[in-house]
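Close look at the chain arrangement
What follows is each chain in one-letter form.
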Amino acid sequence: NPLGDLTTSATFTTSTSITTTGMTIVGTLSFGDPVTVGNQNLSITAGSMTIGNTFTTGAGNTTITIINGGLTINAAVASSSGSFTFNSSSNIISIAAGTITTTAAADSGTASGSVTFSANGATTISLAGTIVTTGASNNGGTGSTGGAVTISTTDGTIAVANITTSGGASTGGSNTGGNAGAIGITTAGTTKNLTLNGVLTALGGTGSTAAGNNATVTLTATGAIVDGNGATNNVSAGTLLISAATGVGTMTGPDPLESSVVTLDVTNTASGDIVITEANAVTVNRISQGGTGLITLTTTNGAITIASAQSGVIATSGNITITANGTNGSITMGIGSQILTTGTATVRSVSSTVAMNTASAIGGTGGLPSAVSIRGAGDVTLAYVQTASLPSTNSVTVTSDSGNIFDDGDETSSVTSPNINLTAALVIGGSAFINYQGLSAITVTNDGVTPYTTAPTVTITGGGGTGATATATINGAGDVTGVTLTSAGNGYTSVPTVTFSGGGGTGATATAALN
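A brief report on the enclosed structure follows.

1. As for the overall build of the chain
Helix and strand counts for the chain come out as 0 helices and 50 strands. Relative to the 2.2 N^0.38 estimate, which gives 24 Å for 515 residues, the radius of gyration of the chain is 31 Å and therefore markedly larger than a compact globule would have. Projected onto its principal axes, the C-alpha positions of the chain cover 115 × 55 × 30 Å. Every one of the 515 residues in the chain was classed for burial, and the buried ones make up 49%. Counting contacts in the chain only where the partners sit at least 6 residues apart, residues at least 24 apart contribute 55% of the total.

Following this line, the structure appears as structure tokens:
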């Protein structure tokens, strides 16, 4: 029989199907039989709750609040476009059969309802059931919009299965697909991981004239973003925003986070690696590693673009490896973009070109690599590449397997490093001069005429370059015994002059050598 609001302090268990509008249960609420709700809104408050059989609502919105125990979903929950909000002061769990669906009927033109899970206190959310808020398809009009999915804890971990918020398809006429709904998942508390055991999909629906808009997937964790489904894709969306503290994917296993997105923006603040494998072409707004871990970004079949006017790819001391595979797997650094680390930087296009646009840089303020390797199957265009000047084993290696190595055409030095290796199948430089030389060593040719009482000052002038500095050493007899480069400088087109001044002595001379 239909019920109005129901308030009880005892355990409430259904034995038959019921239709209801509102309940407040201080004890345990357990639905063992089907529950059907009309198009009105429904609010349920209970001490704890188990959904053990189908729970079906109409276009109204449903809010379930658990005040003491947990929420367990063991059977399908569905609406015909209404939203679901689940709040709990304890754990929220669903099994594989505990699916949630809010898709409206086909051709209804109605947007799907949203789904929200919120667990407060020292609690976890573990969802093995899929969540589907895909927009309704439409044979004669625009596909419907998918519903947003939001999942959060205040002090606990989260694990989720498949979540799909894509727009509905437009299957007839000259119409567009529906827009996707956003997905946002957030853990809070100390080092709480977010585990993806399924695929998060937020794509625009297909249409006869154009697809709907893709949505953003936002993953935030005070611990790590963990790939829990092996080599299967984790995220398909327009933009993937990640903020983690202890890693994104791993090299051990290996188990990278797999994605199929248009734009990446990833930060990791404390420890662990950032390891991402992207299926297609991707634009990188930011990959930032605040810990000492590495950054590895690989495309399976697509280009990598490091966007202009964005943060670029930055690590503290971890190695950075960027690899683009596939026929169209070029790598492009946009104007002013950067790759910075004090580790090594490797940029590799297996089947296409590498192009650094004006003012883009590998190495610079904020991170001078110990070694840089740039390799393209086709042409390689350089803007600004720099390693730390010391130790003298630091190096830049640039290789074009079947094409040319070009400069971007500006007047600044292209490459600065103690050791530079350029290898091209065709031309190095072309019409634009590649200006790269720094000093490799300074050799004393006369240790002095009159003894020095202190080490003299070393001055390096001429040669067309700038930035080379060095210090002298003397022995007990006041002789200049050696000169140590403290910076190799850059842009030297001829051997500069080395002179000594001060120190109380005279007559010491030395010569410089270029890389």
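So, next bit.
2. Considering the pairing of strand E40 (residues 395–400)
For E40, the tally of buried residues reaches 5 of 6 residues, placing the bulk of the element in the interior. Bridge count for strand E37 (residues 371–376) against E40 is 6 bridges, and the pairing is parallel. Bridge assignment links Ile 374 to a residue of E40, and that residue is Val 398. Alignment of E40 against strand E43 (residues 419–424), held across 6 bridges, turns out to be parallel. Bridged to Thr 399 within E43 is Thr 423.

3. Topic: the packing of aromatic side chains
Evaluation of the coordinates by the stated rule reveals 2 aromatic pairs. Relative to Phe 86, the ring of Phe 84 lies with its centre 5.9 Å away and its plane at 15 degrees, an arrangement referred to as stacked. Across the pair, exposure class does not vary: Phe 84 and Phe 86 are buried alike. On the numbers, 4.7 Å between centres and 15 degrees between planes, the contact of Phe 86 with Phe 117 is stacked. You can see Phe 86 sitting in strand E10 (residues 84–88) and its partner Phe 117 sitting in strand E13 (residues 115–119), a full 31 residues away along the chain. Grouping residues by exposure puts Phe 86 and Phe 117 together as buried. Clustering of aromatic rings is evident, with ring pairs tying together Phe 84, Phe 86 and Phe 117.

4. Concerning unusual backbone geometry
A cis amide bond, omega 0 degrees, links Leu 390 with the succeeding residue Pro 391. Tracing the backbone shows Pro 391 in the loop between strand E39 (384–386) and E40. You will see that Thr 191, though not glycine, has its phi angle at about 50 degrees, which is positive. Mapped onto the elements, Thr 191 comes out in the loop between strand E19 (183–186) and strand E20 (194–196). Judged by its relative accessible area of 46%, Thr 191 falls in the partly exposed class.

5. So, the environment of Gln 386
Its location among the elements puts Gln 386 in strand E39. Looking at Gln 386, the relative accessible area reads 17%, which means it is buried. Beyond its immediate chain neighbours, meaning those up to four positions away, Gln 386 contacts Ile 362, Gly 363, Gly 364, Leu 368, Pro 369, Val 372 and Thr 416. Only 2.5 Å separates the side chain of Gln 386 from the side chain of Tyr 384, close enough to count as a polar contact.

6. As for the environment of Thr 457
Looking at the element boundaries, Thr 457 is found in strand E46 (residues 457–461). Thr 457 sits in the partly exposed class, given a relative accessible area of 47%. Measuring from C-alpha to C-alpha, the distance between Thr 457 and Val 77 comes to 80 Å, with 380 residues separating the pair along the chain. Excluding residues that lie within four positions of it along the chain, Thr 457 makes contacts with Thr 499, Phe 500 and Ser 501.

7. As for the nonpolar core
In terms of nonpolar packing, the biggest core is built from 86 residues, with Phe 55, Phe 117, Ile 151 and Leu 219 touching the most fellow members. With residues up to four places along the chain from it excluded, the contact list for Leu 219 reads Ile 185, Leu 194, Leu 196, Leu 200, Ile 225, Val 235, Leu 240, Leu 241, Ile 242 and Ser 243. The next biggest cluster of nonpolar side chains, apart from the first, holds 17 residues, and it includes Val 480, Val 483, Leu 485 and Ala 512.

8. Brief notes about the pairing of E10
Across the two faces of E10 the burial differs, with Phe 84, Phe 86 and Ser 88 buried and Thr 85 and Asn 87 not buried at all. Bridge count for strand E7 (residues 62–66) against E10 is 5 bridges, and the pairing is parallel. Within E10, the position partnered with Thr 62 by the bridge is Phe 84. Two strands pair when backbone bridges link them, and E10 and E13 are joined in this way by 5 bridges, in the parallel orientation. Bridged to Thr 85 within E13 is Thr 116.

Definitions and limits used
- Residues numbered from 1 in each chain as written.
- Predicted model: local features only at pLDDT ≥ 70, side-chain atom pairs only at ≥ 80, totals over all residues.
- Heavy atoms only, no water.
- Helix = DSSP H or I, 4+ residues; strand = E, 2+ residues; numbered from the N terminus.
- Rg over C-alpha atoms; globule rule 2.2 N^0.38 Å.
- Buried < 20%, exposed > 50% of the residue type's maximum accessible area, 1.4 Å probe, protein only.
- Contact = heavy atoms within 4.5 Å.
- Pairing = 2+ DSSP bridges.
- Phe/Tyr/Trp six-rings, centres within 6.5 Å; stacked < 30°, edge-to-face > 60°.
- Polar contact = N/O pair within 3.5 Å; in protein donor to acceptor, adjacent residues only side chain to side chain.
- Core = buried A, V, L, I, M, F, W, Y, C linked by side-chain atoms within 4.5 Å.

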